[in-house]
Amino acid sequence: MMTENIFLKILDRSLPAKIVHEDELCLAFHDIKPQAPVHVLIIPKKEIRTLDDATAADQALLGHLQLVAVKLAHDLGLTKGYRLVVNCKEQGGQTVPHLHYHLLGGRDLTWPPG
Ligand code: DGP
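Caption draft 1: A look at the pattern of salt bridges. One pass over the full model with this rule turns up 6 salt bridges. Two residues, Arg-13 and Glu-22, come together in a salt bridge whose shortest N-O distance is 2.6 Å. A relative accessible area of 43% means that Arg-13 is categorised as partly exposed. In this structure Glu-22 comes out as partly exposed when scored by relative accessible area, which is 39%. With a closest N to O distance of 2.8 Å, Lys-45 and Glu-22 form a salt bridge. Of the two residues, Lys-45 sits in the loop between strand S3 (38-44) and helix H2 (59-75) while Glu-22 sits in strand S1 (residues 19-22), which places them 23 residues apart along the sequence. Judged by relative accessible area, Lys-45 falls into the partly exposed class, the value being 32%.

Caption draft 2: Quick peek at the sheet that holds S3. Spatially, 5 strands are ordered S1-S2-S3-S5-S4 in an open sheet, and the strand pairing comes out antiparallel. Edge positions in the open sheet fall to S1 and strand S4 (82-85), since each of these has one partner strand only. Geometrically, the sheet is characterised by an average inter-axis angle of 15° between neighbouring strands, direction not taken into account. Looking at chain direction, S4 and strand S5 (residues 101-105) are connected through 4 bridges and run antiparallel. Each residue of the ladder has a partner; that of Tyr-82, found in S5, is Gly-105. Against the sheet, H2 makes contact with S1, strand S2 (26-30), S3, S4 and S5, and its axis sits at roughly 155° relative to S3, the strand it touches most.

Caption draft 3: Region of interest: the site of the ligand. If you check the shell around the ligand, you find 16 residues, and the closest are Asp-31, Asn-87, Thr-95, His-100 and His-102. Backbone polar atom of Gly-93 to an oxygen atom of the ligand: 3.0 Å apart, as the coordinates give it. Take Thr-95: an N or O atom from its main chain is 2.7 Å from an oxygen atom of the ligand. When the ligand is considered free in solution it has 510 Å² of accessible area, and contact with the protein chains removes 83% of it. Judged by the fraction of its atoms near the pocket grid, the ligand is located in the largest pocket. Secondary-structure elements contributing two or more residues to the shell around the ligand are helix H1 (6-11) and S2. Among the elements that take part in the shell around the ligand, H1 stands out by supplying 3 residues, more than any other.

Calculation criteria
Residues numbered from 1 in each chain as written. Predicted model: local features only at pLDDT ≥ 70, side-chain atom pairs only at ≥ 80, totals over all residues. Heavy atoms only, no water. Salt bridge = Lys/Arg side-chain N within 4 Å of Asp/Glu carboxyl O. Buried < 20%, exposed > 50% of the residue type's maximum accessible area, 1.4 Å probe, protein only. Helix = DSSP H or I, 4+ residues; strand = E, 2+ residues; numbered from the N terminus. Pairing = 2+ DSSP bridges. Axes fitted to C-alpha atoms, helices over the stretch in contact; angles between N-to-C directions. Contact = heavy atoms within 4.5 Å. Near = heavy atom within 4 Å. Polar contact = N/O pair within 3.5 Å; in protein donor to acceptor, adjacent residues only side chain to side chain. Areas by Shrake-Rupley, 256 points an atom, 1.4 Å probe, with all protein chains shown as cover. 1 Å grid on protein atoms, 1.4 Å probe; cavity = no way out; pocket = protein on both sides within 12 Å on 5 of 7 lines; lining within 4 Å. Sits in = over half its atoms within 2 Å of the grid points.

Here you go:
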């Protein structure tokens, strides 16, 4: 179930987070409930509730988020590989209504996901 957009509070710094990257388009920080030794969230500064709400106007932004994830994977030492995940809406397991990419790594990740 989707809760409030807690990530807006991280963006405006009213809620602390362990930030690992910031630029004009996005912010990245460690997940509060890590599912792997490395679990970072990459979020756009633009308010986009879900991946479903992204439009053609967001094409470059989406590409940017993915390339930031690749850079962070390298910076965080995920040389053996990693997983980049977007949970979309209720059945996709999304709980925070602000688009975010999960960057997971540092252990063998199984497939299929739960
Ligand atoms: P999802 O279920 O895909 O919407 O992922 C939301 C993630 O956000 C989940 O892995 C936990 C994380 N999260 C929720 N609240 C906070 C918070 O206040 N701080 C941080 N750093 N992460 C949070």
